[in-house]
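# Descriptive structure summary
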Amino acid sequence: MRIAWISVLVVVLSLKVSAQTAMLAGIISDDKGKHLTFVSVWADSIHKGTFTNEEGVYRLNLGPGIYTVDFRSPGYMPVVKIIKIEGSQVNLDIQLPRVPVTNLPADNADSIISRVIARQNTPGSPAAYSGTLYTRELQRLNAVPKKLIKNVVAYQMHMAPDRKGIINFSESLASFKIPSKNYNGSQITAGIITKNSRDIFNFNKVPELHIDFYQNNLYLNRFNEHAFISPLSARAVKYYRYKLIARFADQSHLIDKISVSPIKKNEHLFSGTLYIVDKEWQLYGVELRLSLDAHIDFIDSVSIHQQYIPVADGNWLTQAMQFNYYGNFLGFKYSGLFLRVYQDIHPDTLNNETSMAKFYFPVKDYRKDNRFWEQNRPLILTQGEEKLFNSGKSAAGFQMNTALTDSLQHENNRFRLLPYLLWGYTISNYNNSTSLAIPSPFNTFFYNTVEGWGADFKIKYTHVYERQKNLSIIPDLRYGFSDHQFNANVFTNYIYNSFRKASVYMRAGTDFLDLNNTGSLSLFLNSLSTLYFGNNYLKLYQSRFVMAGTSGEIANGVLLNGEFEYADRNSLFNTTTHTFNKDSVDITSNNPIDPNSKTPLFPRYRALTLRGSVTFTFDQQYAITPEGKFILSAKYPILRLNYRKGIPAFGSVLNYDMVSADVFMNNLKMGIYGYTAFSISAGKFLNTRNLYYPDYYHFHGGQSFFYDASTSGFHFLNYYTYSTDKAFFEAHAEHNFTGILLSRLPLIKKLHLEEIIGGSYLAQGTLPAYEEVYVGVKRTVIRLDYGLAFGRFTKVVQGFRLTYNFPGF
């Protein structure tokens, strides 16, 4: 009943808007009566237009007057109507006949494509364009296993009885002023999000997804790490076949319809149709597809539709883009839509001010009521979209649907044994934006030779405040049943400015810590290694400490971090050597430097340590939304400068200074050939008057079969023996070919594997230089590497490494 009244309210508001603004509305279909989606309705004299929705319905708000309105869609003959607007509404249904396929010279297509490509290299484009951008994003569930969504939840999520329906809807309206024709930045003036799940989707990210087919390589950042070759790339003729299949007129313009197909299968290529403005050699429209043969991940297919319009300087620019994707995973069939519509596009000039923001929300004034959206939304909502829109938010207050929220909260908070065993258990309160996360048993119970059997129990409490301030509190209780030691500490982090990434944090108490502060093995994997293989890799020490720090940006791309720690540190010893592997002789002491000795690694001492760093992300691109600042992929390598000092004060015996620098990049794009990641670090202790092993510089080793696949990590390096108080240099490089090699092999290509090759180098001033090389294959989150490690005066080590970066492990 409540939903029905809200729907009535929306209808009344719509009628009120219609009475104040003249409206052109109707349904567009083909010559067989099929309703057409994504048909352009454009009034050129006012640079304003709209599109039909998925039901073929359009609506265009116009003032009184006479308009020449162009109805067109690639693949159909355009229709032009002269329309006089006098009253409040003019109803006009349109039929668009299909473009007939004709026999035309096949070689004409290559000539046309070559001229389009050549035109893009001609200088003389205007400095900038400006206008208005409307974006929409939605996700649908097309089929869901019945056991996973109960009837009451499906009803509250406004799904049909067969559990089909829209689960996420968001839209935004933006003004933009940007260089060239790439539309890569916008200032959003209005935005709204309506979603059935708070845990799956973020705010509308469609402004990120601009696809420019004039570029050589195209990246679909949400779906793939590699590029796809554009059919208008400078080298496109090596990869595509073109065929001229039709010509038709749109007013004074002659349009060429050209089919596009890959020369070879299993390449990063599109298929479909291009529409070219003859004599002007510019895009008129695009209908292209990607399938599994093009190596897309997590989805089965993609379709991209674009329409272009002429602007005052003679260029044809994107009027709209519709991006659809479809997928099937473990019984879930899903699809989604990203939509971009540009209006009032015109040449402009840029001032001296530049912004690195891809898109930006004014924090205080981005929410608009239903009346605003009725007047400014270029695409009328479908019935399903309007139902979700109205049920999720009220026109005046934007209050969450209480029934939906309560149902989802009750369902999501249900305890399920298998998810708890794998990932833990989270209790959420949607009304006050809090959650309580309990770790899985794999992250709670453990075995090591220092503590024996033990439990490390952490609960994470999170509270999200207004303006995206965030408080996290993590108490940690740990007890070993062999050494009978009890440790307790608490970590608190408060993010007080999400747009500056600004936070303060503190941790205090007692804990058993890894002697290698970069991390060796998780408690769970070390337990398996010790009990079943007799390799007790993890080495521990005890610390009673208080630590506090702060972090935040002082300018875009400049992040400062500073912290201090005061600690009382003590060596630990094995209290048990139990293992299920009776033949093992590999159990070693807790002293990694002298594994057969029971002497302490260092004496008990107090340490006052100051740490600071500054990180430079050059030309940092970002997006600001109501959910905070999101850093986009770095265009250039990132530089981080570090300083650490042991201070001889307040009982601390430390006295040392260390400086280091890191240069790293996780995704250096190499087009269709994948991407490269690298990390280089170098540093030096300026003085070493007094320090102990926990204060050394440590490296991310890899002795275990399980490997976390971090860019700065080694595959075979001993976790502890290479730690140093001398000058050091380490370098890591890795390239992922994203399947371009194995896709050429029969049968194997069906596995959609990614090929990886890499290597590492280390010099640390004490031991001989260390080197390793490796190759690997990856499929989604699973990765298997084989490598060799070698160095002067050391024997060659070889073996396999398996990625273990699964949640909860």
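Residues numbered from 1 in each chain as written. Predicted model: local features only at pLDDT ≥ 70, side-chain atom pairs only at ≥ 80, totals over all residues. Heavy atoms only, no water.

For the rest of this paragraph, the subject is unusual backbone geometry. Here the phi dihedral of Q251 falls at roughly 55 degrees; this positive angle occurs in a residue that is not glycine. Looking at the secondary structure, you find Q251 in the loop between β14 (240-250) and β15 (253-262). The backbone of K501 shows a phi angle near 55 degrees, a positive value even though the residue is not glycine. Tracing the chain through its elements places K501 in the loop between β28 (486-497) and β29 (502-514). Residue class for K501 comes out partly exposed when judged on its relative accessible area of 38%. (Helix = DSSP H or I, 4+ residues; strand = E, 2+ residues; numbered from the N terminus. Buried < 20%, exposed > 50% of the residue type's maximum accessible area, 1.4 Å probe, protein only.)

In this section: the pattern of salt bridges. Taken as a whole and judged by the stated rule, the model has 22 salt bridges. Residues R478 and D511 are paired through a salt bridge, measuring 3.9 Å at the closest nitrogen-oxygen approach. A residue pair is termed long-range when its members are at least 10 positions apart, and R478 in strand β27 (residues 470-480) and D511 in strand β29 qualify at 33 residues. Each member of the pair, R478 as well as D511, is classed as buried. Note that D662 and R640 form a salt bridge whose closest N and O atoms lie 3.2 Å from each other. On the criterion of sequence distance, the pair formed by D662 in strand β36 (residues 655-669) and R640 in strand β35 (residues 638-646) is long-range, its members being 22 residues apart. Judged by its relative accessible area of 28%, R640 falls in the partly exposed class. The network of salt bridges with shared partners includes E563, E565, R569, R611 and D695. (Salt bridge = Lys/Arg side-chain N within 4 Å of Asp/Glu carboxyl O.)

On the surface, F705, I757, V773, V775, V777, L784, Y786, L788, F790, V796 and F800 cluster together to form a nonpolar patch covering roughly 860 Å² of accessible area. Of all elements in the fold, only β41 (770-779), β42 (782-791) and β43 (794-803) reach the threshold of two or more residues within the nonpolar patch. Looking at which element gives the most residues to the nonpolar patch, the answer is β42, with four residues. Of note, I757 is situated in strand β40 (residues 754-763). (Patch = residues over 30% accessible without salt bridge, like charges linked within 9 Å, V, L, I, M, F, W, Y side chains within 5 Å. Areas by Shrake-Rupley, 256 points an atom, 1.4 Å probe, with all protein chains shown as cover.)

With that out of the way, let us pick up the sheet that holds strand β3 (residues 48-51). The antiparallel open sheet is built from four strands, whose spatial order is β3-β2-β5-β6. A strand with exactly one partner marks an edge of an open sheet, and here the two such strands are β3 and β6 (79-85). Taken pair by pair, the neighbouring strands of this sheet meet at an average axis angle of 25 degrees, ignoring direction. The pairing of strand β2 (residues 40-43) with β3 spans four bridges and is antiparallel. The residue of β3 that forms the bridge with W42 is G49. (Pairing = 2+ DSSP bridges. Axes fitted to C-alpha atoms, helices over the stretch in contact; angles between N-to-C directions.)

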